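Chain by chain, the residues run as shown.
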Amino acid sequence: MAGAVNKKTWVRATGSRTGNGEITLSGVPIRGWIRRARAAGTGNLTLSIGETSLGAGFATVLAYSATATPIDQEEDPGIFYAVDPTSTAGTTGTIYADVTTTSAGTAINIQLDIEPAN
């Protein structure tokens with residue numbers, strides 16, 4: 001008989017912006033696997049996920065090239081990332097999404113499903 005499996009509750013991180021640029025996704029586990037990435041807007045989208053902000057070098061962990069919206073991609077196995085803690089308890093941090101669209105001025109929404117690694 002197999003031992004008990006300890007399943008961790010996944011985290012859904014969301015964010016949005018109008019036009020091209022960076023979206024900050026706060027409250028994510030400091031270590032985890034990105035299991036699904038979604039981006040919606042209009043025009044052709046590119047999406048990159050980074051462990052640091054654009055101003056700090058962006059340490060890209062995942063990137064999707066220009067595609068007609070929406071982007072909806074499952075990653076199996078997940079894409080591992082590690083970020084610095086920003087919470088007092090040291091268990092959550094911030095991950096960054098860099099988005100571009102060919103349709104200027106459009107709203108872009110991002111959603112990541114993350115399985116915690118800690």
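Now for a look at the structure at hand. (Residues numbered from 1 in each chain as written. Predicted model: local features only at pLDDT ≥ 70, side-chain atom pairs only at ≥ 80, totals over all residues. Heavy atoms only, no water.)

1. Structural notes on the overall build of the chain
Rules: Helix and strand assignments come from DSSP, with helices taken as H or I runs of at least 4 residues and strands as E runs of at least 2, each series counted from the N terminus. Between the two quantities, the radius of gyration covers C-alpha atoms and the globule rule is 2.2 Å times the number of residues to the power 0.38. Throughout, exposure labels follow a simple rule: accessible area from a 1.4 Å probe, protein chains only, divided by the maximum for the residue type, with under 20% read as buried, over 50% as exposed, and the rest as partly exposed. The protein chains shown are the only cover counted for residues, whose accessible areas, like all others here, come from Shrake-Rupley with a 1.4 Å probe.
A count of helices and strands for the chain gives 0 helices and 8 strands. Of the regular secondary structure in the chain, the N- to C-terminal order runs β-β-β-β-β-β-β-β. Taking 118 residues into account, the globule formula puts the C-alpha radius of gyration at 13 Å, and the chain, at 15 Å, falls close to it. The burial tally for the chain puts 38% of its 118 residues in the buried class. Of the accessible surface of the chain, which amounts to about 6300 Å², a share of 49% is contributed by carbon and sulfur atoms.

2. Some words on the nonpolar core
What counts here: Buried Ala, Val, Leu, Ile, Met, Phe, Trp, Tyr and Cys residues that are joined via side-chain atoms within 4.5 Å together make up what is termed a nonpolar core. Contacts between residues were defined by any pair of non-hydrogen atoms, one from each residue, lying within 4.5 Å.
Core analysis: the largest hydrophobic core is formed by 23 residues, its most contacted members being Leu25, Ile34, Leu47, Ile49, Ile95, Ile110 and Leu112. Elements represented by at least two residues in this core include exactly β2 (21–29), β3 (31–40), β4 (44–50), β5 (60–68), β6 (71–82), β7 (92–101) and β8 (107–116). Ranked by residue count, the leading element in this core is β8, at 4 residues. Excluding its chain neighbours within four sequence positions, the residues that come into contact with Ile95 are Ile23, Thr24, Leu25, Val28, Ile34, Ile49, Gly50, Tyr81 and Leu112.

3. Digging into the pattern of salt bridges
Put simply, the test is: Each reported salt bridge corresponds to a side-chain nitrogen of Lys or Arg within 4 Å of a carboxyl oxygen of Asp or Glu.
Throughout the structure, instances matching the rule amount to 5 salt bridges. Each of Arg12, Arg36, Arg38, Asp72 and Asp113 takes part in a single network of salt bridges with overlapping partners.

4. As for the side chain of Arg38
As a reminder, the rule being used: Two N or O atoms form a polar contact when they lie within 3.5 Å of each other; inside protein one atom must be a possible hydrogen donor and the other a possible acceptor, and for residues adjacent in sequence the pair counts only when both atoms belong to side chains.
The residue Arg38 is located in strand β3 in this model. Residue classification places Arg38 among the buried residues on the basis of a relative accessible area of 19%. At 3.4 Å, the side chain of Arg38 and the side chain of Asp113 are in polar contact. Excluding anything up to four places from it in sequence, Arg38 contacts Arg12, Ile71, Asp72, Asn109, Ile110, Gln111 and Asp113.

5. Considerations on the sheet that holds β3
Heads up, the condition is: Two strands pair under a simple rule: DSSP has to find at least two bridges between them. To get an axis, fit a line to the C-alpha atoms, keeping to the stretch in contact for a helix; angles then go from 0 to 180 degrees between the N-to-C directions.
What the 4 strands build is an open sheet, ordered β1-β8-β3-β6; its pairing is antiparallel. Here the strands that pair on one side only, and so sit at the sheet edges, are β1 (11–18) and β6. The sheet shows a mean angle of 25° between the axes of neighbouring strands, taken without regard to direction. Where β3 lies against β8, 8 bridges are found, and the strand directions are antiparallel. Looking at the pairing, Arg36 lines up with Asp113 of β8.

Read these as layout, nothing more, since geometry by itself doesn't imply function.
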